[in-house]
Amino acid sequence: MAFPLLAAQVPFLLDMETTASTNSLVSELAPLPSYSTVITTKQTAGRGRLGREWLSEPNDSVALSIVVPFQQNNLELTPLLMGVAVLRAVRAIGVTQAELKWPNDILVGKRKIAGILCEVVPCGQIIAGVGLNLRFRDKPPTGQATSLAEHITFEPEIPDRWASACLTELRVLIDAGSHRATSEVRQNLATINRRIEVVEFDGQSWLGRAEDIDAGGRLIVSRKGGEKVVLSSGDVRHLYQ
Ligand code: BT5
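Residues numbered from 1 in each chain as written. Predicted model: local features only at pLDDT ≥ 70, side-chain atom pairs only at ≥ 80, totals over all residues. Heavy atoms only, no water.

Colleague: What is the right way to read the site of the ligand from this model?
Modeller: Within the structure, the ligand sits among 27 residues, and Ser-21, Arg-47, Arg-52, Leu-55 and Lys-112 are positioned closest to it. Residue Arg-47 places a main-chain N or O atom 2.8 Å away from an oxygen atom belonging to the ligand. Contacts to the ligand include Arg-52, whose side-chain N or O atom sits 2.7 Å from an oxygen atom. Protein contacts shield 91% of the accessible area of the ligand, which totals 800 Å² for the unbound molecule. In a pocket analysis with a 2 Å cut-off to the grid points, the ligand is assigned to the largest pocket. (Near = heavy atom within 4 Å. Polar contact = N/O pair within 3.5 Å; in protein donor to acceptor, adjacent residues only side chain to side chain. Areas by Shrake-Rupley, 256 points an atom, 1.4 Å probe, with all protein chains shown as cover. 1 Å grid on protein atoms, 1.4 Å probe; cavity = no way out; pocket = protein on both sides within 12 Å on 5 of 7 lines; lining within 4 Å. Sits in = over half its atoms within 2 Å of the grid points.)

Structure (structure tokens):
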């Protein structure tokens, strides 16, 4: 696939035929100028959070990693800023019903279409990586996955339009400063004001209501009985009834 719109937006673009992980490649190349980008449609060892995998068949998904400019206070917020950028870019190509789930998933109708992994590399730069499912020509990687082709007519220029929109939206959010960006996250995060199930690292889960995020992007949840819990990482499920 070609990425001319994306190339026009960034100081450095590496469009790889194949690579193990675009986040790992950026980490090896860093330091790089802000908004330097690595992209591939054949990622062979994509990483999720907490040692989990991001699975994709060749040419069925896009893996994109961007060097995010460091600004004070934006480190913790970066996954959510990237989330809003990816959400807007997915909506801009026609998947209007997409939603952002805390802390790093883009869902369409309860299924995951994109996931985000932000990392700080040894030289101190922040990398925001995103995997987007384009289509599943064989079978979906998990029962909870969806792809663009299930929601819009897939055309070859769509990945470039999506990637370039991600860059535009991320720049707008970062340039807005952390106060304004936090408010954009609040307005776009479908988890807020919703009943959720919180799944702890040990697999234990509990129910609550997501109330808000704080300035660092942590999720404020009220448990049954009124106790407030602030989550800085972990997994939540949206409850729909
Ligand atoms: C994520 O982790 O969702 C972060 C995914 C980030 C991938 C990008 S691709 C570019 C960059 N380079 C990398 O190496 N990584 C980043 P997490 O929230 O931990 O979710 C992982 C879980 O999502 C897995 O355990 C599966 O259950 C599920 N999953 C794996 N592949 C999927 C896919 N293609 N679509 C939907 N769900 C998937």
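Colleague: Help me out: how do you make sense of the domain arrangement of the protein chain in this one?
Modeller: Interfaces are often sized by the accessible area lost when the parts come together. With domains assigned, the protein chain is organised as domain 1 (4-188) and domain 2 (195-238). Each of domain 1 and domain 2 was reduced to a C-alpha centroid, and the two centroids are 24 Å apart. When residues of domain 1 are sorted by the area they lose upon contact with domain 2, Lys-101, Trp-102 and Arg-186 head the list and together hold 49% of the total. Applying the counting rule to domain 1 against domain 2 returns four salt bridges. Among the ionic pairs, Arg-218 bridges to Glu-76, the shortest N-O distance being 2.8 Å. Here domain 1 and domain 2 share eight residue pairs in polar contact (both at pLDDT 80 or more) between them. Only strand S6 (99-101) and helix H5 (178-188) provide two or more residues apiece to the side of domain 1 that touches domain 2. Each residue belonging to the side of domain 1 that touches domain 2 can be placed in one class, and the counts come to eight nonpolar, one polar and six charged. (Domains from an automatic or database assignment. Buried area = accessible area lost by both parts, 1.4 Å probe. Salt bridge = Lys/Arg side-chain N within 4 Å of Asp/Glu carboxyl O. Helix = DSSP H or I, 4+ residues; strand = E, 2+ residues; numbered from the N terminus. Nonpolar A, V, L, I, M, F, W, Y, C, P; charged D, E, K, R; others polar.)

Colleague: Please clarify how the pairing of strand S14 (residues 235-238) should be interpreted in this entry.
Modeller: As a general feature of sheets, a regular strand has side chains that alternate between the two faces. Of the two faces of S14, the one holding Val-236 and His-238 is buried and the one holding Asp-235 and Arg-237 is not buried anywhere. Looking at chain direction, strand S10 (residues 195-199) and S14 are connected through four bridges and run antiparallel. Looking at the pairing, Glu-197 lines up with Arg-237 of S14. (Buried < 20%, exposed > 50% of the residue type's maximum accessible area, 1.4 Å probe, protein only. Pairing = 2+ DSSP bridges.)

Colleague: Is there a simple way to explain the pattern of salt bridges in this structure?
Modeller: Here the idea is simple: oppositely charged side chains can pair when their charged atoms come close. This structure, assessed with the given rule, holds 17 salt bridges. The partner of Lys-112 in a salt bridge is Asp-105, with the nearest N and O atoms 2.8 Å apart. Given a relative accessible area of 25%, Lys-112 falls into the partly exposed group. Looking at Asp-105, the relative accessible area reads 9%, which means it is buried. Residues joined by salt bridges that share partners form a network here, namely Arg-88, Glu-169, Arg-180 and Glu-184.

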